[in-house]
Amino acid sequence: MRWDHLGETPPTPADTALFGMDAVTTRTFDTPEFRGITFHEVRARTILNRVPGASRMPFEWTVNPYRGCTHACVYCFARKTHSYLDLDTGLGFDSQIVVKVNAAELLTRQLASRRWQGAHIAMGTNVDCYQRAEGRYRLMPGILTALRDRANPFSILTKGTLILRDLELLTQAAEVTEVGVSVSVGFTDEELWRTIEPGTPSPHRRLDVVRALGEHGIGCGVLMAPVVPFLGDSPEQLRATVRAIAEAGAVSVTPLVLHLRPGAREWFMSWLARHHPRLVGRYERMYADGAYAPTWYQRRITRQVHELAAEFGIGPARRETPRHLPRPAPAPPAGDPEQLTLL
Ligand code: SF4
């Protein structure tokens, strides 16, 4: 692959103040997949983030090599985190990507510290660590190598097929520690996918990832997220999605209904007004009390998905025994811009 480097801008004091990092270089690339995207390469000062309120979470530590995400999911609730960098939470989130170029080097050093106790590390909890930028920057191989070499348990949640590039490293890591991988697939409706998750690999390609990981002994769960009210929640759509997840050999399926937090809510509602104007009123009523759909609705979706999962026999019992099961899908913590959980 050829990478045409169009522009490189040295850091200004304003950049450094904005990103709070030691150095910032801004780059653009003239290849179709990166046209219109600006990368802010930074040298971060730390890479291990402690999760606030970790008692509510299945993990205490996260690693996030990127901020912003070219997968550009309209509903992404990490959008708000871009405002902490004074960047736009709409198109800016999709096209202004912060890259912590020293992520692997930092992690290697921090894991070697005598103070590090070898706790589980979750990745993909803020933005997708296998978004398209990873094809260019290749930060994950160094990160996985550091984790493998220290036999440090970890989990990854992604919508990116690029994770298969690192299959060998994942397999090696799974030989020495606990490795969990979950893929996010909220629906299999192609038309909905093209408009609401325009930068992601198709749901069926993501399910191919589940299949491939399973074939290599890495049991993979599916976070069925988001289930999109009125657009992706009909009985037929739920059935088709759960059936496809089962056929891919997922070891678990965890449904999660769309939530609309500030930052994501405005962007999603403007998308809805353009693509499905007749639904605007119904959404305003459904999300009138805040970011979450009503409990009755969430319970109904969860019950339907669990019934379908039972019908299609999703779970480790119908597969060859996987070496490692995925950890439970993370629940969204509040507050910290580095910690917001992705879908
Ligand atoms: S939901 Fe995940 S994959 Fe989609 S834009 Fe957000 S971080 Fe990226």
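Data block above holds the structure.
Structure report, in brief. (Residues numbered from 1 in each chain as written. Predicted model: local features only at pLDDT ≥ 70, side-chain atom pairs only at ≥ 80, totals over all residues.)

### Considering the environment of T70
At step 1: Structurally, T70 can be placed in the loop between β6 (66–67) and α2 (79–83).
At step 2: Residue T70 is classed as buried on the basis of its 23 C-beta neighbours within 10 Å.
At step 3: Expressed as a C-alpha distance, the spacing of T70 and S95, which sit 25 residues apart in the sequence, is 6.1 Å.
At step 4: Among all residues touching T70, those that are not within four sequence positions of it are I37, D94, I97, Q131, R132, A133 and G199. (Helix = DSSP H or I, 4+ residues; strand = E, 2+ residues; numbered from the N terminus. Buried ≥ 20, exposed ≤ 12 C-beta atoms within 10 Å, placed from the backbone. Contact = placed C-beta atoms within 7 Å.)

### Some details on the sheet that holds strand β10 (residues 179–184)
At step 1: In space, the seven strands of this open sheet follow the order β4-β5-β8-β9-β10-β11-β12, with mixed pairing throughout. Either end of the sheet is taken by a strand with one partner, and the two such strands are β4 (48–50) and β12 (253–257). Here the strands of the sheet are splayed against their neighbours by 25° on average, with no regard to which way each runs.
At step 2: Helix α13 (residues 295–312) rests against β11 (220–227) and β12 of the sheet, and its axis sits at about 160° to β12. (Pairing = 2+ DSSP bridges. Axes fitted to C-alpha atoms, helices over the stretch in contact; angles between N-to-C directions.)

### Comments concerning the nonpolar core
Nonpolar side chains in soluble globular proteins tend to be buried together.
At step 1: One finds I143, M224, I245 and A250 to be the most contacted residues of the largest nonpolar core, which totals 92 residues.
At step 2: Looking at this core element by element, the count peaks at six residues for β11.
At step 3: A domain-level breakdown of this core finds at least three residues from each of domain 1 (1–177) and domain 2 (178–258 + 293–332).
At step 4: Other than its neighbours up to four places away in sequence, A250 contacts V210, C220, G221, V222, I245 and I314. (Core = buried A, V, L, I, M, F, W, Y, C linked by C-beta atoms within 7 Å. Domains from an automatic or database assignment.)

### Quick word on the packing of helix α6 (residues 140–149) against helix α7 (residues 167–176)
At step 1: As a packed pair, α6 and α7 sit with axes 9 Å apart at the nearest point and diverge in direction by 15°. Between α6 and α7, the interaxial angle falls into the category roughly parallel. With respect to the hand of their crossing, α6 and α7 are arranged in left-handed fashion. Of the residues in α7, those touching α6 at P141, L144, T145, L147 and R148 are L169, L170, Q172, A173 and V176.
At step 2: Split by residue class, the contact of α6 with α7 holds seven nonpolar, two polar and one charged. (Parallel < 35°, antiparallel > 145°, perpendicular 65-115°, else oblique. Left-handed = near helix turned anticlockwise from the far one by under 90°. Nonpolar A, V, L, I, M, F, W, Y, C, P; charged D, E, K, R; others polar.)

### Some thoughts on α6
At step 1: All of the buried residues along α6 are M140, I143, L144, A146, L147 and R148.
At step 2: The inward-facing, buried residues of α6 abut β5 (61–63), α4 (103–112), β8 (121–123), α5 (133–137), β9 (154–158) and α7.
At step 3: Note on α6: the residue one or two positions beyond its end, A151, has a positive phi of about 50°.

Spatial relationships are all this shows, so hold off on functional conclusions.
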